[in-house]
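# Coordinate analysis (summary)
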Amino acid sequence: MVEKLSAAERAGLPAILPEWKLVEGRDAIMRSFRFMDFSEAWGFMARVALLAEAQDHHPEWFNVWNRVEITLTTHDASGLSARDVRLAKAIDAIA
């Protein structure tokens, strides 16, 4: 079973994931990305998909033309876990 983040881990999120915001009404984090065009946004999504598959942790996302919004939560933990932090850091590294 995947464990939820502790209160201390949760309190440290803004320092380690400054671009990610807590989702109101959910135990999840979200980040929005903007690109030059659809092709660049789609390429980014393809790279994220490969990361997600390698980590066996898949994001919720939304794409319209040059915008991509990614929401991370761990369904097995019913909220945020270290898996979300790890994937968010990996996404930030390629953004």
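What comes next concerns the included structure. (Residues numbered from 1 in each chain as written. Predicted model: local features only at pLDDT ≥ 70, side-chain atom pairs only at ≥ 80, totals over all residues. Heavy atoms only, no water.)

This part covers the sheet that holds strand 1 (residues 21–22). With antiparallel pairing, four strands are arranged side by side in an open sheet as 1-2-4-3. Lying at the two open borders of the sheet, with one neighbouring strand each, are strand 1 and strand 3 (60–64). Inspection of the sheet shows strand 1 paired to strand 2 (residues 29–34) by two bridges, in the antiparallel sense. When the sheet's bridge partners are listed, lysine 21 is paired in strand 2 with methionine 30. Each of strand 2, strand 3 and strand 4 (67–72) is contacted by helix 3 (residues 38–55), which is oriented at about 165° to strand 3, the strand it contacts most. Where helix 4 (residues 82–94) meets the sheet, it contacts strand 2 and strand 4, and its direction lies at approximately 160° from that of strand 4. (Pairing = 2+ DSSP bridges. Helix = DSSP H or I, 4+ residues; strand = E, 2+ residues; numbered from the N terminus. Contact = heavy atoms within 4.5 Å. Axes fitted to C-alpha atoms, helices over the stretch in contact; angles between N-to-C directions.)

With that settled, the discussion passes to the pattern of salt bridges. Summed over all chains, the structure comprises five salt bridges. Between aspartate 27 and arginine 10 there is a salt bridge; the shortest N-O distance is 2.6 Å. Placement of aspartate 27 in the loop between strand 1 and strand 2 and of arginine 10 in helix 1 (residues 7–11) is noted, with a sequence separation of 17 residues between them. A cluster of three or more residues bridged by salt bridges with shared partners is formed by Lys4, Arg10 and Asp27. (Salt bridge = Lys/Arg side-chain N within 4 Å of Asp/Glu carboxyl O.)

This paragraph deals with the nonpolar core. If you look at the biggest cluster of nonpolar residues, it comprises 19 residues, and the most contacted ones within it are Trp20, Ile29, Phe44, Val68, Ile70 and Ile91. Listed by contribution, the elements that provide at least two residues to this core are strand 2, helix 3, strand 4 and helix 4. Setting aside its immediate chain neighbours within four residues, valine 68 contacts Arg31, Ser32, Phe33, Phe35, Ala41, Phe44, Met45, Phe62 and Asn63. (Core = buried A, V, L, I, M, F, W, Y, C linked by side-chain atoms within 4.5 Å. Buried < 20%, exposed > 50% of the residue type's maximum accessible area, 1.4 Å probe, protein only.)

The grouping of Phe38, Trp42, Phe62, Val64 and Trp65 at the surface amounts to a nonpolar patch, some 530 Å² of accessible area in total. Elements represented by at least two residues in the nonpolar patch include exactly helix 3 and strand 3. The residue tryptophan 65 is located in the loop between strand 3 and strand 4 in this model. (Patch = residues over 30% accessible without salt bridge, like charges linked within 9 Å, V, L, I, M, F, W, Y side chains within 5 Å. Areas by Shrake-Rupley, 256 points an atom, 1.4 Å probe, with all protein chains shown as cover.)

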